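# Reading the structure
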Amino acid sequence: MKIYFAGSIRGGRDDGELYGRIISFLKKYGTVLSEHVGDPNLSLYGETKTSDVDIYERDVAWVEECDMMIAEVTTPSLGVGYEIGRAEALGKPILCLFRNENSERRLSAMISGNKNLKVFAYQTEDEIKDVLERFIPA
Ligand code: 6K6
């Protein structure tokens, strides 16, 4: 099972440690192609020697290769939204996780209104494992 995990990088790293914990959990189901997204040492700007063109081309290839996408969408990110759109066009199963602890923050209608996506709104991190276990085939 090849899983693409999508989470904000330049959109903001507030949830970077959470991404790392989700990725660790996902590894029990297979290979997480985009493991770097959970790197706690990654700066807000994703500084790297790799060029943006190389990052784009590698990530799009991984989106094409993956069996499913798990996207944490609480921190709005252009890159995550783009990846979701690409994966949807390829017919990949996509689960979006949105933390709605802050009632002022609302998920984009382009995600919450899309019937091709499964969107799970959670309040506590404990809820995530259950939904992942239900979404990922044994
Ligand atoms: C090096 C090490 C870790 O990160 C880097 C350099 N930057 C990126 N590397 C890999 N994937 C990236 C990088 N920047 C964005 N992405 C992809 O876009 C990831 O797969 C994320 O899911 C998504 C984040 O987009 P932004 O718009 O928040 O940056």
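Calculation notes
Residues numbered from 1 in each chain as written. Predicted model: local features only at pLDDT ≥ 70, side-chain atom pairs only at ≥ 80, totals over all residues. Heavy atoms only, no water. Axes fitted to C-alpha atoms, helices over the stretch in contact; angles between N-to-C directions. Helix = DSSP H or I, 4+ residues; strand = E, 2+ residues; numbered from the N terminus. Parallel < 35°, antiparallel > 145°, perpendicular 65-115°, else oblique. Left-handed = near helix turned anticlockwise from the far one by under 90°. Contact = heavy atoms within 4.5 Å. Buried < 20%, exposed > 50% of the residue type's maximum accessible area, 1.4 Å probe, protein only. Arc of directions from axis to C-beta. Near = heavy atom within 4 Å. Polar contact = N/O pair within 3.5 Å; in protein donor to acceptor, adjacent residues only side chain to side chain. Areas by Shrake-Rupley, 256 points an atom, 1.4 Å probe, with all protein chains shown as cover. Pairing = 2+ DSSP bridges.

Another point: the packing of helix H1 (residues 16-26) against helix H5 (residues 126-135). Look at H1 against H5: their axes get within 11 Å of each other, and the N-to-C directions meet at 40°. Classified by the interaxial angle, the pair formed by H1 and H5 is oblique. As for how H1 packs across H5, the hand of that crossing is right-handed. Taking contact as the criterion, the partners of Leu18, Ile22, Phe25 and Leu26 in H1 are, on H5, Ile128, Lys129, Leu132 and Glu133.

With that out of the way, let us pick up H5. Among the residues of H5, Ile128, Val131, Leu132 and Phe135 are the ones counted as buried. In a view along the axis of H5, the buried residues occupy a sector of 105°, so they form one face of it. Relative to its buried face, H5 has exposed residues pointing more than 90 degrees away, namely Asp126 and Arg134. The inward-facing, buried residues of H5 abut H1, strand E3 (68-72), strand E4 (94-99) and strand E5 (118-122).

Take the environment of Gly38 next. Note that Gly38 resides in the loop between strand E2 (31-32) and helix H2 (52-65). Linking Gly38 and Leu18, residues 20 residues apart in sequence, is a C-alpha distance of 7.6 Å. Not counting residues up to four positions away in its chain, the partners in contact with Gly38 are Arg13, Gly16, Tyr19, Gly20 and Ile23.

The next subject is the site of the ligand. Neighbouring the ligand are 20 residues, the closest being Tyr4, Arg10, Asp59, Ser77 and Glu83. Measuring from an oxygen atom of the ligand, one finds a side-chain N or O atom of Ser77 at 2.7 Å. The backbone of Gly79 places a nitrogen or oxygen atom 2.9 Å from an oxygen atom of the ligand. Taken by itself the ligand offers 580 Å² of open surface, and the protein chains cover 87% of this. Looking at the shell around the ligand element by element, the count peaks at four residues for helix H3 (residues 78-89).

Moving on, we come to H1. Of all the eleven residues making up H1, eight are buried; the element is thus mostly covered by neighbouring parts of the structure. Listed as buried for H1 are Gly16, Leu18, Tyr19, Gly20, Ile22, Ile23, Phe25 and Leu26. Elements in contact with the buried residues of H1: strand E1 (2-6), E2, E3, E4, E5 and H5.

Moving on, we come to the sheet that holds E4. Strand order in the open sheet made by the five strands is E2-E1-E3-E4-E5, with parallel pairing throughout. A strand with exactly one partner marks an edge of an open sheet, and here the two such strands are E2 and E5. Note: E3 against E4, four bridges, orientation parallel. Counted as the bridge partner of Glu72 is Leu97 from E4.

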